[in-house]
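Chain by chain, the residues run as shown.
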Amino acid sequence: MITFEGVTKRYDDGTVAVDDLSLEAPTGAITVFVGPSGCGKTTSLRMINRMIDATGGRILLDGQDVRQIDPPTLRRGIGYVIQQAGLFPHRKIVDNVATVPYLLGWDKKRARARAMELLERVGLDAALARRYPFQLSGGQQQRVGVARALAADPPVLLMDEPFSAVDPVVRTSLQDELLRLQSDLQKTIVFVTHDIDEAIKLGDTVAVMRVGGRLAQMAGPATLLTEPADDFVREFLGRDRGIRRLSFIPAKDIRLAAVPADLALDASGRPLGWRTTGGLLPYGTFNPERDSLRAALDAALLAVNGTAVAVDEDGRVIGVATREALDEVLGQYAARHTTPAPGSPRPEEAHGTSAAAAPGSAPEVPAEASGPDGHAPPDPGPGDHTDGEGPRG
Ligand SMILES: Nc1ncnc2c1ncn2[C@@H]1O[C@H](COP(=O)(O)OP(=O)(O)O)[C@@H](O)[C@H]1O
Ligand SMILES: [Mg+2]
């Protein structure tokens, strides 16, 4: 666990980049720092591995003040990934990945074997190992950057806008890859981005920062979408918060009905279309085991009859979700997440998770108390979905 206790960074020219920041980044989870350019994200991140030293407060790594650990020792346990990957241009990919093992004195054979294993882990072909960085695409270089950071198997990974410089399609696949890796590796990851959608997709917890290095809100992504602490966070989150929230509700609770006769299937049980007198009409599918309610709803909207087709991993139809079935789940969801009107009392107060409302701004709904103290919010009812669980994206 990484703990920020009242951390402040004032640069020599008087710029206060980070102001009294207190938060916890739990072990084995992805904590995202998100906010506009210049809000102090990079400064905050670099204070963890002491590339920058704080001017006030403390940062603890599993309870130990990082100031008491000498930087080389500290950094051995902390992988670091930056934008543009930051690879050594004159070194082959395999040797780039093996950088830290070499520094740790591993023999060349073992270091290279480890590098090859990691290249595979991040989804790169072994043939790329002998190339130089300039011979790789931006997305491939970023994967190498992640592999290099993982080489010595550090418990902590710091990632500073690692996917910001690649195109949206590659970025999506890098994000998916990171989530897949993380489900295997369970590193303690602090991930910095200015992209709120990336934050919501990747974060178990999301810390929204505002310029001046102030924490605006810290919450799970689903809570953030439903209950932004103030106008700044609400505007930063952008549109369609309700629909985006559906991404965090698993589709597995949707009641499936038997496959109706008007759904045409091929010989192996995969859907062909909705039968009508005029021929087959479009359909949409979702996988109840893997997808979210958002995906199910999307599938329903693709069909003229409003019915979503549920499929298994192989694309075979296992049932259908009618509009009524979707409505049931949506109804439960809406009822569970009714938020009191602004200003009305809440059962639990936020603990320093939201900055004071700006003068003249609307009355603030207190941030849910899933902040630095780590308390979960009161359970609104049976079967509620905890933030960070369930499908993402
Ligand atoms: N070495 C420095 N000296 C003075 N000011 C700095 C220095 N590095 C960053 N800053 C300032 O600190 C603030 C936060 O910077 P940074 O942490 O890089 O923000 P972000 O990563 O969120 O864009 C900005 O106003 C930036 O100009
Ligand atoms: Mg930055």
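Per an unreviewed UniProt entry, the chain carries the name ABC transporter ATP-binding protein and comes from Microtetraspora malaysiensis. Listed in UniProt under the heading Sequence similarities (unreviewed entry), the comment for the chain reads: "Belongs to the ABC transporter superfamily."

> Which residues make up the site of ligand 1, and what values go with them?
Surrounding ligand 1, one finds Tyr11, Asp13, Thr15, Ala17, Ser37, Gly38, Cys39, Gly40, Lys41, Thr42 and Thr43. Here the shell around ligand 1 takes 3 residues from helix α1 (residues 41-48), the largest share from any one element. Tallied by class, residues from the shell around ligand 1 come to 3 nonpolar, 6 polar and 2 charged.

> Explain the confidence of the model for the chain to me, and be specific about the residues and the numbers.
For the chain, the average pLDDT comes to 85, and 85% of its residues sit at 70 or higher. Between residues 340-389, whose pLDDT stays under 50, and residues either more than four places distant or in other chains, the model counts 86 contacts.

> Tell me about the pairing of strand β7 (residues 156-160), and name the residues and values.
The element β7 is extensively covered by neighbouring structure, given that 4 of its 5 residues are classed as buried. In this sheet, β7 lies alongside strand β6 (residues 78-82) in parallel orientation, the contact comprising 5 bridges. Paired with Ile82 across the two strands is Asp160, which belongs to β7.

> Tell me what's going on with the nonpolar core, and back it up with residues and numbers.
Ranked by internal contacts, the top residues of the largest apolar core, which has 98 residues, are Val97, Ala296 and Ala308. Both domain 1 (2-248) and domain 2 (251-334) contribute no fewer than three residues apiece to this core. When sequence neighbours within four positions are dropped, the list of residues in contact with Ala296 reads Ala251, Ile254, Phe286, Asp291, Ala308, Ala321 and Leu326.

> Please set out α1 residue by residue, giving values where relevant.
Taking burial as the measure, the 8 residues of α1 include 7 buried ones, the bulk of the element. Taken as a whole, α1 has its buried residues at Lys41, Thr42, Thr43, Ser44, Leu45, Met47 and Ile48. Once α1 ends, the next one or two residues include Arg50, with phi positive near 65 degrees.

> Provide a residue-level description of the sheet that holds strand β16 (residues 317-321), including the pertinent values.
On the basis of which strands lie adjacent, the open sheet formed by 3 strands has the order β14-β15-β16 and mixed pairing. The sheet is open, and its two edges are formed by β14 (285-286) and β16, each paired on a single side. Relative to β16, strand β15 (residues 308-311) runs antiparallel, the two sharing 4 bridges. Residue pairing across strands places Val309 opposite Val320, the latter belonging to β16.

> Explain the sheet that holds strand β12 (residues 271-276) to me, using residue names and the numbers behind them.
Across the sheet, 3 strands lie side by side as β11-β12-β13; this open sheet has antiparallel pairing. Strands with a single pairing partner mark the edges of an open sheet, and in this sheet they are β11 (263-265) and β13 (279-281). Averaged over all adjacent pairs, the angle separating strand axes in this sheet is 50 degrees, with direction ignored. Inspection of the sheet shows β12 paired to β13 by 3 bridges, in the antiparallel sense. Among the inter-strand pairings, Arg275 is bridged to a residue of β13, identified as Leu280.

> Residues and numbers for the environment of Arg210, please.
Here Arg210 is to be found in strand β9 (residues 205-210). With 20 C-beta atoms packed within 10 Å, Arg210 lands in the buried category. Here the alpha-carbon distance between Arg210 and Phe232, two residues 22 residues apart in the chain, equals 8.1 Å.

> Can you tell me about helix α6 (residues 138-150), naming the residues and giving the values?
Each α-helix turn comprises 3.6 residues. Residues three or four places apart therefore point the same way. Taking 1.5 Å of rise per residue, the 13 residues of α6 would be expected to cover 18 Å, and the 19 Å separating its terminal C-alpha atoms lies within 8% of that figure. Most of α6 is tucked away: 12 of the 13 residues are buried. Along α6, the residues that are buried comprise Gly139, Gln140, Gln141, Gln142, Arg143, Val144, Gly145, Val146, Ala147, Arg148, Ala149 and Leu150. Packed against the buried residues of α6 are β6, α3 (93-97), α4 (99-103), α5 (108-121), β7 and α7 (168-185).

> Describe unusual backbone geometry, naming the residues involved and giving the relevant values.
Even without being a glycine, Asp20 presents a positive backbone phi close to 55 degrees. The topology assignment puts Asp20 in strand β2 (residues 16-25). A positive phi is found at Gln186, a non-glycine position, where the angle reads about 45 degrees.

Calculation rules
Residues numbered from 1 in each chain as written. Chains lettered and ligands numbered in written order. Predicted model: local features only at pLDDT ≥ 70, side-chain atom pairs only at ≥ 80, totals over all residues. UniProt positions renumbered as here; feature names shortened; annotations may be inferred. Near = placed C-beta within 6 Å. Helix = DSSP H or I, 4+ residues; strand = E, 2+ residues; numbered from the N terminus. Nonpolar A, V, L, I, M, F, W, Y, C, P; charged D, E, K, R; others polar. pLDDT = per-residue confidence, 0-100. Contact = placed C-beta atoms within 7 Å. Buried ≥ 20, exposed ≤ 12 C-beta atoms within 10 Å, placed from the backbone. Pairing = 2+ DSSP bridges. Core = buried A, V, L, I, M, F, W, Y, C linked by C-beta atoms within 7 Å. Domains from an automatic or database assignment. Axes fitted to C-alpha atoms, helices over the stretch in contact; angles between N-to-C directions. Expected span 1.5 Å × (residues − 1).

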